[in-house]
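Take a look at the letters that make up each chain.
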Amino acid sequence: MIRRIAMLSLFAFATTATAATPGDSFVAGNAAAATGAHASAATAFTQTLATRGWSANALFDLGNAYASNGERGRAILAYERALVMSPRDAAVATNLARTREAAGLAAPTTSRIHAELARVSSDEWTWLALAAALFAAAAASAWAWWPRQRGRTGSLAALGTAGAIFGFAAAIMVAPSRGTAVVVRADSARIAPVAGAEEAFAATEGETVQIEQRRPGFVYVRDGDRFGWLPQSALERVLPERAPAHT
Amino acid sequence: MKRSLVATLTVTALAVPAFAFAGARAELSGSLAAGRTTQLDVTVDGDATQPPDVQIPGAAVQLSAQMSQTSIINGAASHQTKFVYAVTPAGAGALDIPPIAVATASGTQTTAAVHVTVSAGPPPGVAAAAGAAPSAPSSATAATAPSGSRIVQSSAHAFLTLDVPVHSLVVGQAVPVTIRAYFRAGTSATLDGAPQLTTDAFTLSNLSDKPAQAQVQLRGEPYLMATWTALLSPAKPSTGKLAVELPVELAYRAAPRRAPHRTLRDVFGADPFGDAFGSDSPFGDADPFGDMDMDLDSMFDIGPMQQEQVTLRGPTSTVTVVEPPAAGRPADYTGAVGAFALAVDPPIGTPRVGEPLTLAFHVTGTGNFDRVNGVGLADAPGLKTYPVKRDFVAGKTPVTGTQTFTQTVVPTHAGTVEIPSAAFSYFDPAKHAYVTAHTAPISLAVAAAPGGGAADPGLAASVREPGMLPNRVDPGDAQASLTPRVYRASTWFGLAGLVLATVLATLLAWSRRSRRIAEVLASRRVDREVARATEAMTRASGVNDPDAFFDAARHALQTRLAATWHTRADAITAHDVAARLGPRGDAIREVFEYADGMAYGAVAAEPLDHWNDVVRAELAHLEVSP
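Once a new chain begins, its residue numbering starts again from 1 and follows that chain's sequence as written. Chains and ligands are labelled by the order in which they are written, letters from A for the one and numbers from 1 for the other. Given that the model is predicted, a residue must reach a pLDDT of at least 70 before its local features are reported, and side-chain atom pairs must reach 80 or more before they are shown or counted; all residues, however, enter totals for whole chains, interfaces and linings.

**What about the overall build of chain B?**
Inference 1: Helix and strand assignments come from DSSP, with helices taken as H or I runs of at least 4 residues and strands as E runs of at least 2, each series counted from the N terminus. Assigned secondary structure in chain B consists of 11 helices and 32 strands.
Inference 2: Neighbour counting defines burial: a residue surrounded by 20 or more other C-beta atoms within 10 Å of its own C-beta is buried, one with 12 or fewer is exposed, and intermediate counts give partly exposed, using backbone-placed C-beta atoms. Residues counted as buried form 31% of the 626 residues belonging to chain B.
Inference 3: Note on contacts: each residue gets a C-beta atom placed from the backbone, and two residues are in contact if those atoms are within 7 Å. The long-range fraction of contacts in chain B, counting pairs at least 24 apart against all pairs at least 6 apart in sequence, stands at 72%.

Shown next, in the form of structure tokens:
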């Protein structure tokens, strides 16, 4: 019974590990990229994401294809998404930095604490927090069941609880906010959600903004001290609302 | 542009009375002239913590200082408080200083009114010259700065120094230097700029933004010391003078015009305590004030306020600068001068074809890190390299630290790939020779690319932007959602389930471990058992079944007694009842005996209803008082 539960748990939490096989879209994407057909490569890698699910390597290759095709906004979006899954990936960070540099965008400034915490992904922090919570729960139960060990078990329970709180706080801190979006097409942010409204600022392709409000066809975004309404089609969220099949 | 105000120091509580007096007194330190500031002293006996509000019609008045002084003359101590005001008459003519009331600990003291005549003020230039004359710097003016301010090497109010640790340098070398400006107590200084060198043969970098300030004593006088640190770098070969300048605006009170110069000896005579202690002086033959030949007037700084813009110039140092020798100069030399060490962090993880690896080269040491360049690798067989990124972490001093060069490399074929040695050349001024540091080559066992994809042909062409890393041939692990788990409801439901399970486990343990709860639960179990037995008694009584009735009655009584006696219910016998309850348990014992005798045909004399009442009464009695 325990073995069955363990197997079910593994299936519930495991990611899908698949290898490229000749004839699939990933191989086709790389083949296209090798010949310089970057638009075809981007289409193939998008298809890979739709069929296999989100993969850091596929997102990285997709970012490369977009960057080589001159679509720097979409390239930055793909790299950002790859970093959500694999924050310590130096290649992704390198290409993201190069693409931002080529697009004339400054690297985002983050605090030192955030930078240190971001060496571990949000999911990894979540797992650490859950492990700490499990540890705290076990210690709390032991505290209740073995009164003679209450000093030690109480300390362990407090330690586990503190670890869980810290882990969840770090997971939230390093995860991109749900409103974080990348401008995939340069456009004018306007002072009102209508096409003819006065321009508030010019949104650069690849710029990262925060979505604060939504109206039909428009979103109200903030980029530092700049605010304005952008057409919804001009940007995409880093954390997509839909499965990759629809992107 | 004006910099921050350095400081104004005021020397207080050092005063020695010239003579004793009684009551409050207002005194002007000199004659009054229109537009010129003169000092007004208001002195009272005793302590006065609040300065009086002095208002003089026709003159601007500003409180400058507050002093207190205690004097002991022939064993009698007296204490005075002095308030010093700056008075600037608006125009010529009569000026009335009204009586000034000063609140002291012993009551309010009031000065007498003062009536003076204000003369017409001299022309500004004349006034400044006249004012500057008494306290002119000890060193004569050397030149006039471009801004029009005087250049002075030192004065009675401020001077500047430059500490250079070595006097023989190499072009490009960086040495830490310290610049110190000293301002005499009572001098207010406003910086008109940062310290700068008098020659273009050197550059001054990393100059501290704000000087560190400290109070120091120089030759017995208090000074405010402002200290800057910076890096001095020779820009070209030279053998010349090096000095530093600091534009500053000084404001100070000129020495008073009164004469003559008075000292402690003048005030007290040869030995102020000579008479007090007679021939048995506690100091023996030594004179305790022998070294205190100080200028009392200067301690008060009671002259008119002077203000001037000057450029302080420190003493000149001679520094010889030479070029690093051309002979033996390595090809990769980039101008670094100092003492450095080079190290490399080997890449972490399993190298695979097409997978980027990060190499970190660390140059650590002392020297001009801005010229530490060129550390990294070029493409090598089986290795594609990418541009280097640099990051500097400063050490404890401006010339120490670690410059890290991070370079991404990608193995392009499987098998053994060697990361070649990296080199870095610098000029060591201590050895007066070039030194080239090397890293050791690193041998990598590169695994084949996963997924069966060929690496090299597709890699390089998959990116067009320079400096970008090529595609990967393995799609890697995939997951259904990109949303971080911390945003998913399942995570929080799982955590809530964990918390709930912990709470339940804790409650369960608590209920099991709590003696009171255990007693309540046991009591409830006994009550339920007794209730079931009495119901059986009632049923047996209804059908007139004495066997069943007495059996149930005995069980009910055994259960109740067992709870009290903490023993097994079925082990309690009529004998136990008689032994432990005595005559009080006769009815119970009788029930037990009937129950035992029923098997042998015993017959109860009374009807079952009677025994039903007896048993219930005994059960109730046992429950209340076991």
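**Let's talk about the overall build of chain A**
Inference 1: A tally of helices and strands in chain A yields 9 helices and 9 strands.
Inference 2: Burial analysis of chain A (247 residues in total) assigns 43% to the buried set.
Inference 3: Here the analysis covers contacts within chain A between residues at least 6 apart in sequence; of these, 57% occur between residues at least 24 apart.

**What to know about the packing of helix α9 (residues 574-581) of chain B against helix α10 (residues 586-597) of chain B**
Residue and element names in this part refer to chain B.
Inference 1: Lines fitted to C-alpha atoms define the axes here, with helix axes fitted over just the stretch in contact, and angles between the N-to-C directions of these axes take values from 0 to 180 degrees. Close contact between α9 and α10 brings their axes to 8 Å; oriented N to C, the two are set at 170 degrees. When the interaxial angle is binned, α9 and α10 end up roughly antiparallel. Across the interface between the two elements, Ala574, Val577, Ala578 and Leu581 from α9 touch Ile588, Arg589, Phe592, Glu593 and Asp596 from α10.
Inference 2: For this scheme, ten residues count as nonpolar: Ala, Val, Leu, Ile, Met, Phe, Trp, Tyr, Cys and Pro. Four count as charged, namely Asp, Glu, Lys and Arg, and the remainder, Gly too, count as polar. Looking at the contact of α9 with α10 residue by residue, the classes come out as 6 nonpolar, no polar and 3 charged. Small angles under 35 degrees read as roughly parallel and large ones over 145 as roughly antiparallel, with 65 to 115 read as roughly perpendicular and the rest as oblique.

**Overview of the interface of chain A and chain B**
Inference 1: With 53 residues of chain A at the interface, the matching set in chain B holds 42 residues.
Inference 2: With 11 residues, helix α8 (residues 122-145) of chain A is the largest single contributor of residues to the side of chain A that touches chain B.
Inference 3: Across the side of chain A that touches chain B, the residue classes break down as 30 nonpolar, 17 polar and 6 charged.
Inference 4: Any two strands with at least two DSSP bridges between them are considered paired. Pairing geometry for strand β2 (residues 54-55) of chain A and strand β32 (residues 477-479) of chain B, over 2 bridges, is antiparallel. The residue of β32 of chain B that forms the bridge with serine 55 of chain A is alanine 478 of chain B.

**Here we look at the confidence of the model for chain B**
Inference 1: Confidence scores labelled pLDDT are given residue by residue by the predictor and lie between 0 and 100. Averaged over chain B, the pLDDT score is 77; the fraction of residues at 70 or greater is 79%.
Inference 2: pLDDT under 50 marks residues 122-148 of chain B. Its contacts with residues more than four places away, or in other chains, come to 42 contacts.

**Some words on unusual backbone geometry**
Trans is the prevailing form of peptide bonds, just as negative phi is the prevailing case for residues other than glycine.
Residue and element names in this part refer to chain B.
Inference 1: With a phi angle near 55 degrees, asparagine 206 is a residue other than glycine that sits in the positive phi range.
Inference 2: For asparagine 206, the location among the structural elements is in the loop between β17 (202-205) and β18 (212-218).
Inference 3: In this model, histidine 566 sits at a positive phi of 55 degrees, which is unusual for a non-glycine residue.
Inference 4: Mapped onto the elements of the fold, histidine 566 is located in the loop between α8 (546-565) and α9.
Inference 5: Classification of histidine 566 as exposed rests on a count of 7 C-beta atoms within 10 Å.

**Side note on the pairing of β18 of chain B**
Residues and elements named next belong to chain B.
Inference 1: Across the 7 residues of β18, 0 count as buried, placing the element largely on the outside.
Inference 2: Across 7 bridges, β18 lies against strand β19 (residues 221-234) in antiparallel orientation. The partner of glutamine 213 across the bridge, within β19, is alanine 226.
Inference 3: Adjacent in sequence and paired antiparallel, β18 and β19 are bridged by 2 residues, among which arginine 219 carries a positive phi angle near 50 degrees.

**A closer look at the sheet that holds strand β9 (residues 114-119) of chain B**
Consider a sheet: its strands pair through backbone hydrogen bonds, and that pairing is either parallel or antiparallel.
Residues and elements named next belong to chain B.
Inference 1: Within the open sheet, the 3 strands sit side by side as β2-β9-β6. Their pairing is mixed. Both outer strands of the open sheet, β2 (32-33) and β6 (93-97), are each paired with one neighbouring strand and no more.
Inference 2: Inspection of the sheet shows β2 paired to β9 by 2 bridges, in the parallel sense. Of the residues in β9, the one forming a bridge with alanine 33 is serine 119.

**A word on the sheet that holds strand β25 (residues 357-367) of chain B**
All names here are of chain B.
Inference 1: A sheet is described by the order of its strands in space; here 4 strands give the open sequence β24-β25-β27-β26, paired in antiparallel fashion. What marks the edges here is a single partner per strand, and that holds for β24 (338-345) and β26 (383-394). Direction aside, the axes of adjacent strands within the sheet are offset by 20 degrees on average.

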